[in-house]
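# Descriptive analysis of the structure
Here's the letter readout for the chains.
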Amino acid sequence: MPKNRRQPYTAIAKYTCLLSIILTVAGCSRPSTLQEIRSEGVLHIITRNAPSVYFEGRDGPTGYDYELARLFAEDLGVELKVRVAKDNTSVLSILDQDYAHIGLAGLSSRPDFQQRYQKVANGIEAESVVVYNREVDRPDSLEDLEGQTIHLVADSNHEHQLEQFSANNSGLQWTMHAGLDAAGILSRVESGEFPLAIVSSNELELNHVFFPMVKSAFSLGEAEPLLWLFPNEQDQSLANAAEQFIHKLREDGTLAHISERFYGHLDRLDYVGARTFVHHVENRLPKYESLFRDYATTYDLDWRLLAAMGYQESHWRPNAVSPTGVRGLMMLTRNTASHIGINNRLDAEESIQGGAKYFTIVHSRVPDRIPEPDRTWFALASYNVGWGHVEDARRLTEGAGRNPDRWMDVKEFLPLLAQKEWYSKTRFGYARGHEPVIYVQNIRRYYDFLAWLTEPTEVAESEEKPWFKELEGMEKIVGPDNGEGNNSDIRASLPEELGFVPPTL
């Protein structure tokens with residue numbers, strides 16, 4: 001019986017051996033990973049939700065690593081297929097099983113990666129940073145951390161660094177949180193629930209503006225490149241192609257452009273940018289004011305609101321373009337422009353008309369029962385992040401016993417969409433929920449200023465002194481502008497209460 005059971009295997013083995021010999025003689029060999037991808041026409045990516053890696057933005061999928069992967073797939077002439085895992089552990093598990101071509105997890109090299117993956121640097125470097133709540137004593141060294149619990153995201157680089165340091169610092173102790181991401185960790189440091197934590201410097205940079213009670217103490221080591229990970233089961237053809245492609249992007253400036261898209265807007269703003277805004281009101285707005293007025297009238301809008309949106313989107317630059325394909329004075333996506341009948345997004349008139357028409361459509365989706373001005377604030381948030389995410393936040397608001405029809409309540413829940421413990425319960429998933437809150441806040445400030453310019457007596461009678469009154473008598477520090485827009489003033493700072501310039505610039 002045993003002999004008979006082995007015969008099928010023996011026959012298959014002989015056939016396989018014979019086929020191998022025939023293929024070898026014929027000069028054939030197994031195609032490389034890169035050849036297989038081009039033959040199939042699909043590049044398979046596994047990733048996780050994070051503002052530094054991948055997320056669903058207003059205009060569809062985006063994120064630093066995603067944008068690189070999208071361009072890489074285009075360069076290869078194949079379709080990009082993305083699967084989203086719940087955390088780093090899941091990303092690494094899928095790679096270990098060779099179920100994806102590339103893993104995007106925002107991780108740097110670890111000792112256990114050496115035998116598991118091929119690695120390619122993605123152009124961003126990060127270090128592990130100890131953070132603390134500003135109401136506790138600042139730790140200055142590893143010795144100051146002994147005896148205290150340090151909180152970490154699960155399967156991060158930080159755990160391996162702490163394990164190395166623990167040989168000389170036996171009092172180090174830490175807890176990993178499988179259900180939290182970096183935003184969730186920082187949120188708990190902000191509230192004081194976690195006095196100490198460690199996060200990656202790039203994720204701290206992307207989130208720090210939203211957590212003012214969080215302070216950085218010191219780094220555990222030098223900054224290291226963040227990586228794309230490739231299963232070791234593959235040959236090196238795909239990894240080599242990716243490395244060459246990223247090198248090409250670095251050489252032609254595209255990599256720096258994408259980096260600026262996601263990391264260049266994070267500086268806190270001061271009155272320098274406010275004076276820049278005043279300068280742009282004087283020198284750029286007159287070129288487009290009649291267009292704002294005309295199309296606001298056509299679509300029954302306040303022209304000052306439409307102008308404020310245009311400034312928030314592009315600083316009134318008709319040739320503004322983002323790496324994700326959003327472009328024009330009102331920063332319309334290709335799909336949106338096509339849907340509303342706009343042919344040339346870089347034409348100022350078409351862009352303003354398109355922005356007015358699209359905002360009207362978005363505004364109409366907000367339930368009629370929501371009164372103004374809240375209905376407009378919801379519409380602005382939807383214009384920025386999409387109505388689906390706004391609805392998710394409204395459901396979270398209602399579930400907490402708050403009013404989902406009131407902006408002041410919903411804006412407290414929108415930021416929760418950036419934390420896995422919350423967005424995993426929603427229909428539309430992850431969103432950078434802080435951005436629509438700041439987007440609405442900024443537009444309201446710009447609108448107030450434009451209203452003050454056109455109706456000064458009404459504002460003057462207000463009990464609250466507007467911030468821009470403090471600018472009177474200040475000298476201009478911005479030189480003449482030809483209206484074409486240069487990068488020197490785009491990142492100029494604004495008053496702190498104006499928040500920050502969103503990444504659509």
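Residue positions are given per chain, counted from 1 along the sequence in the order it is written. At least 70 in pLDDT is required for a residue's local features to be given in this predicted model, at least 80 for side-chain atom pairs to be given and counted, and no such filter applies to totals for whole chains, interfaces and linings, which use all residues. With hydrogens and water stripped out, all remaining heavy atoms of the structure feed into the side-chain values.

In DSSP terms, a helix is any run of H or I states spanning at least four residues, a strand is any run of E spanning at least two, and both are numbered starting from the N terminus. Scanning the protein chain for helices and strands turns up 22 helices and 12 strands. Three exposure classes are used, based on accessible area relative to the maximum for each residue type with a 1.4 Å probe and protein chains only: buried under 20%, partly exposed in between, and exposed over 50%. Taking all 505 residues of the protein chain together, 53% fall into the buried category. For the protein chain, the proportion of contacts with a sequence separation of at least 24, taken over those separated by at least 6, is 72%. Accessible area of the protein chain: about 23,500 Å², with a carbon and sulfur share of 47%. Here, two residues are considered to be in contact whenever any of their heavy atoms come within 4.5 Å of each other. To measure how exposed things are, a 1.4 Å probe is used in the Shrake-Rupley method; for residues, cover is taken only from the protein chains shown.

This part covers the packing of aromatic side chains. How two aromatic rings sit relative to each other is set out by the distance from centre to centre and by the angle between their planes. Here the aromatic set is Phe, Tyr and Trp, taking the six-membered ring for Trp, and pairing holds for ring centres within 6.5 Å; pairs whose planes are under 30 degrees apart are stacked, those over 60 apart are edge-to-face, and all others are tilted. All told, the structure shown has 11 aromatic pairs when counted by the stated rule. With a centroid separation of 5.5 Å and 70 degrees between ring planes, the pair formed by Tyr54 and Tyr66 is classed as edge-to-face. Here the residue Tyr54 occupies a position in the loop between β1 (42–48) and β2 (55–57), and Tyr66 occupies one in helix α3 (residues 64–76), the gap between them amounting to 12 residues. Plain terms: the ring middles of Tyr423 and Tyr430 are 5.3 Å apart, the flat faces sit at 85 degrees to each other, and that makes the pair edge-to-face. Taking relative accessible area as the criterion, Tyr423 reaches 8% and is therefore assigned buried. Definition used: whenever NZ (Lys) or CZ (Arg) falls within 6 Å of the ring centre and also within 35 degrees of the ring normal, the charge is taken to sit over that ring. Seen from the ring of Trp422, Lys425 lies directly overhead, with NZ or CZ sitting 5.0 Å from the centre.

Let us look at the packing of helix α12 (residues 285–298) against helix α13 (residues 303–314). Orientation of α12 relative to α13, taken along the N-to-C sense of each, is 130 degrees, at an axis distance of 8 Å. The orientation of α12 with respect to α13, classified from their angle, is oblique. You can see that α12 and α13 cross each other, and the crossing is right-handed. Residues Leu285, Glu289, Phe292, Arg293 and Ala296 of α12 pack against Trp303, Leu306 and Ala307 of α13. Taken together, the residues of the contact of α12 with α13 break down into six nonpolar, no polar and two charged. Helix axes are fitted to C-alpha atoms over the stretch in contact, other axes to C-alpha atoms as well, and angles between N-to-C directions run from 0 to 180 degrees. These descriptions rest on fixed angle ranges, namely under 35 degrees for roughly parallel, over 145 for roughly antiparallel, 65 to 115 for roughly perpendicular, and the rest for oblique. A clockwise turn of the near helix away from the far one marks a right-handed crossing, whereas an anticlockwise turn of less than a right angle marks a left-handed crossing. Residues are sorted three ways: Asp, Glu, Lys and Arg are charged, Ala, Val, Leu, Ile, Met, Phe, Trp, Tyr, Cys and Pro are nonpolar, and all the rest, Gly among them, are polar.

Attention now moves to helix α4 (residues 88–96). The set of residues buried in α4 consists of Asn88, Ser90, Val91, Leu92, Ile94 and Leu95. Contacts made by the buried residues of α4 are with β1, β4 (79–85), β5 (102–104), β6 (117–126) and β12 (224–231). For α4, the N-terminal cap is Asp87; the gap from its side-chain oxygen to the backbone nitrogen of Thr89 is 3.3 Å. Positive phi appears at Asp98, one or two residues downstream of α4, with a value of about 60 degrees. Contacts described as polar in this section are N or O atom pairs within 3.5 Å, which, within protein, must combine one atom able to donate a hydrogen with one able to accept it, while residues neighboring in sequence count only if both atoms come from side chains.

Its place among the elements puts Leu416 in the loop between α18 (407–413) and α19 (420–423). The spacing of Leu416 and Gly184 is 232 residues in sequence and 8.8 Å in space, taken between C-alpha atoms. Those residues in contact with Leu416 that lie beyond four places of it in its chain are Trp422 and Tyr423.

Let's shift gears to the nonpolar core. Remark: nonpolar core denotes a set of buried residues (Ala, Val, Leu, Ile, Met, Phe, Trp, Tyr, Cys) joined through side-chain atoms within 4.5 Å. Ranked by size, the top nonpolar core spans 55 residues in total, and within it Phe292, Trp316, Met330, Ile352 and Leu380 carry the most contacts. Every element with two or more residues in this core is listed here: α11 (271–283), α12, α13, α15 (348–365), α16 (374–385), α17 (387–399), α18 and α20 (434–454). With eight residues, the single largest contributor to this core is α20. Core analysis: the next-biggest nonpolar cluster, separate from the first, contains 40 residues, Leu34, Tyr66, Ala239 and Leu249 among them.

Our focus in this paragraph is the sheet that holds β4. One bridge is not enough; two strands pair if DSSP finds at least two bridges between them. Strands sit in the order β4-β1-β5-β12-β6 across an open sheet of five strands; the sheet is mixed. On the outer flanks of this sheet lie β4 and β6, each paired with one strand and no other. Strand-to-strand twist in this sheet, taken as the mean axis angle between neighbours without regard to direction, amounts to 30 degrees. Here three bridges tie β1 to β5, and the two strands are oriented parallel to one another. Bridge pairing in β5 links Ile46 to Gly103. α4 rests against β1, β4, β5, β6 and β12 of the sheet, and its axis sits at about 150 degrees to β1.

Counted as salt bridges are all cases of a side-chain nitrogen of Lys or Arg within 4 Å of a carboxyl oxygen of Asp or Glu. Overall, the coordinates contain 24 salt bridges when judged by the stated rule. A salt bridge links Asp155 to Arg110; the shortest N-O distance between them is 3.1 Å. Residue Asp155 is located in the loop between β8 (149–153) and α6 (157–165), and its partner Arg110 is located in the loop between β5 and β6; the two are separated by 45 residues in the primary sequence. For Asp155, a relative accessible area of 19% translates into the label buried. Note that Arg188 is salt-bridged to Glu193, the shortest N-O span being 3.9 Å. Overall, the relative accessible area of 16% leaves Arg188 in the buried class. Exposure remark for Glu193: the relative accessible area of 51% places this residue in the exposed category. Residues participating in the shared-partner salt-bridge network are Asp96, Arg110, Asp112, Arg116 and Asp155.

On average, residues of the protein chain carry a pLDDT of 82, and 81% of them reach 70 or more. The secondary-structure element of the protein chain with the lowest mean pLDDT is helix α22 (residues 487–490), recorded at 28, while β5 shows the highest, at 97. As a per-residue quantity, pLDDT reports the predictor's confidence and falls between 0 and 100. For residues 1–27, every residue scores under 50 in pLDDT, and the model assigns this stretch one contact once sequence neighbours within four places are set aside. Across residues 456–505, where pLDDT falls below 50, the model places 117 contacts with residues more than four positions away in sequence or in other chains.

It is at 7 Å that the axes of α16 and α17 come closest, and there the two elements cross at 125 degrees. Here α16 lies oblique to α17, going by the angle between them. Along the contact surface, α16 presents Phe378, Ala381, Ser382 and Val385, while α17 presents Trp387, His389, Val390 and Arg394. Here the residues of the contact of α16 with α17 are counted per class, giving five nonpolar, two polar and one charged.

Assignment of secondary structure puts Thr47 in strand β1. Apart from residues lying up to four places away in sequence, Thr47 is in contact with Val53, Tyr54, Val82, Arg83, Val84, Ala85, Val91 and Leu104.

Cis peptide bonds are those with omega within 30 degrees of zero, and the linkage from Glu372 to Pro373 qualifies with 5 degrees. Relative to the assigned elements, Pro373 resides in the loop between α15 and α16. With a phi close to 60 degrees, Asp300 is a non-glycine residue in the positive phi region. Within the secondary structure, Asp300 sits in the loop between α12 and α13. By relative accessible area, Asp300 is classed as exposed at 72%. With a phi close to 55 degrees, Trp316 is a non-glycine residue in the positive phi region. Among the secondary structure elements, Trp316 is positioned in the loop between α13 and α14 (334–339).

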